[in-house]
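What follows is each chain in one-letter form.
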Amino acid sequence: MWLGKRLFDLFFASLGLIVLSPVFLLIAVWIKLDDSAGPVFFRQRRVGLNQKDFFIHKFRTMYVDAEKRGLKITVGKDPRITKSGHFLRKFKIDEFPQLIDVVLGKMSIVGPRPEVPQYVAKYPEDKRNKLFTMRPGITDWASVMFKNENEILEKSQDPEQTYINEILPVKIGYYERYHDQASFMTDVKIILLTLKEIFIR
C-alpha cells in the first residue's frame, strides 16, 4: 500500500463529512418523512480488516426489518425500497455515511467492498487471507464494473445463487486486482471513475 493512504483517507473523509453535513441533514429529514418508523442510518454487519466484523453506515433506503423479509442482496425494483431509497441508491448517495467508517478507521475511501459474513464464507481461504490484510473501501474496481448488478440479478430465477456463483467470484477477482495494484494513482483513477458513473448516467 502507498505511504500516507490512511492520512489521505482521514483528511478527505473528514472534509467530506464537514462539507456534506447540510446535505446529510436534508437527507435525514427526507428519510424520516418517507418512513418515520425507522432510523436515518442503516447499520449492517460486514467483514473488515483482519477478518474482524464491524457495522457499516448507510442511509436507510428500505423499510424497517427489510432484511427479515428478503435477501441480503437487492434485486431490481425491490419492493422493500422506500421512495427516497430509490433516488439515494440510483446516485449512490446512500453510501456517503461510510465516510464515518473511514474516519473511525474501519474503512478506506478506496478498497475491496466489504461483504456480509455469509458471503465472505464463500471466499476461497487463500483469498480471505490475502484480501483482508487491507481495509475495505467505499468504492473499488468492482463498484465501477458492477454498477448494474441489480439489473443482472433481476433477470435471474435464483438471484442469491447467481450472486454467489457468478458475480461474487468476479468481484473477488477485482478485489485481488486492487490488492496487487494498490497505489495513489490507482486510488485517484477509481475515485474519478466512480464519480463519472454517479454523475453521467
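Throughout what follows, the structure given in this document is the object of discussion.

The rules behind the values
Residues numbered from 1 in each chain as written. Predicted model: local features only at pLDDT ≥ 70, side-chain atom pairs only at ≥ 80, totals over all residues. Heavy atoms only, no water. Helix = DSSP H or I, 4+ residues; strand = E, 2+ residues; numbered from the N terminus. Rg over C-alpha atoms; globule rule 2.2 N^0.38 Å. Phe/Tyr/Trp six-rings, centres within 6.5 Å; stacked < 30°, edge-to-face > 60°. Buried < 20%, exposed > 50% of the residue type's maximum accessible area, 1.4 Å probe, protein only. Lys NZ or Arg CZ within 6 Å of the ring centre and 35° of its normal. Pairing = 2+ DSSP bridges. Lys, Arg positive; Asp, Glu negative; His and termini not counted. Salt bridge = Lys/Arg side-chain N within 4 Å of Asp/Glu carboxyl O. Contact = heavy atoms within 4.5 Å.

### What about the overall build of the protein?
Alright, step 1. Looking only at helices and strands, the protein has 9 helices and 4 strands in total.
Alright, step 2. Listing each helix as α and each strand as β along the protein from the N terminus yields α-β-β-α-α-β-α-α-β-α-α-α-α.
Alright, step 3. Its C-alpha atoms give the protein a radius of gyration of 16 Å, near enough to 17 Å, the size a compact globule of 201 residues would have.
Alright, step 4. Dimensions of the protein, computed from C-alpha atoms along their principal axes, come out at roughly 45 × 45 × 35 Å.

### What to know about the packing of aromatic side chains
Alright, step 1. Considering all chains together, one arrives at 10 aromatic pairs under this definition.
Alright, step 2. On the numbers, 5.6 Å between centres and 20 degrees between planes, the contact of F41 with F59 is stacked. Of this pair, F41 sits in strand β1 (residues 41–47) while F59 sits in strand β2 (residues 53–59), and the two are 18 residues apart along the sequence.
Alright, step 3. Relative to Y174, the ring of F146 has its centre 6.3 Å away and its plane inclined at 80 degrees; by these criteria the two rings are edge-to-face. On the criterion of sequence distance, the pair formed by F146 in the loop between α6 (141–145) and α7 (149–154) and Y174 in helix α8 (residues 159–181) is long-range, its members being 28 residues apart. Here the two residues F146 and Y174 agree in accessibility, since each one is buried.
Alright, step 4. One aromatic cluster is present, built from ring pairs that chain together F8, F11, F12 and F184.
Alright, step 5. Its guanidinium or amino end placed over the ring of W141, R177 lies 4.0 Å from that ring's centre, counting from NZ or CZ.

### Some remarks on the pairing of β1
Alright, step 1. Sheet topology places β1 next to β2; 7 bridges connect them, and they run antiparallel. Each bridged residue has a counterpart across the sheet, and for F42 the counterpart in β2 is K58.
Alright, step 2. In sequence, β1 turns back onto β2 through a hairpin of 5 residues, with N50 there showing a positive phi of about 60 degrees.

### Some thoughts on the side chain of R128
Alright, step 1. With respect to the secondary-structure elements, R128 resides in helix α5 (residues 125–131).
Alright, step 2. Comment: no salt bridge for buried R128; closest opposite-charge side chain is E125, at 5.1 Å.
Alright, step 3. Every residue in contact with R128, bar those within four places of it in the chain, is listed here: Q51, V120, A121 and Y123.

### Section: the pattern of salt bridges
Alright, step 1. Counted under the stated rule, the structure contains 9 salt bridges.
Alright, step 2. With a closest N to O distance of 3.2 Å, R113 and E95 form a salt bridge. Of the two residues, R113 sits in the loop between β3 (108–110) and α4 (117–120) while E95 sits in the loop between α2 (83–90) and α3 (98–103), which places them 18 residues apart along the sequence.
Alright, step 3. Linking K127 and E176 is a salt bridge whose minimum nitrogen-to-oxygen distance equals 2.7 Å. Here K127, found in helix α5, pairs with E176, found in helix α8; they are 49 residues apart in sequence, far enough to count as distant.
Alright, step 4. Accessibility expressed as a relative area gives 17% for E176, which makes it buried.
Alright, step 5. A cluster of three or more residues bridged by salt bridges with shared partners is formed by K127, K130, E176 and D180.

### Regarding unusual backbone geometry
Alright, step 1. Positioned with a positive phi, N50 is a non-glycine residue whose angle comes to about 60 degrees.
Alright, step 2. Along the polypeptide, N50 turns up in the loop between β1 and β2.
Alright, step 3. A residue is classified by how much of its surface remains accessible, and N50, at 52% relative accessible area, is exposed.
Alright, step 4. If you check the backbone angles, K92 has positive phi at about 60 degrees while not being a glycine.
Alright, step 5. As for its position among the elements, K92 is in the loop between α2 and α3.

### With respect to the environment of L104
Alright, step 1. Checked against the element boundaries, L104 lands in the loop between α3 and β3.
Alright, step 2. On the basis of relative accessibility, which here comes to 54%, the residue L104 falls in the exposed class.
Alright, step 3. Along the chain, L104 and D180 lie 76 residues apart, while their C-alpha atoms are 25 Å from each other.

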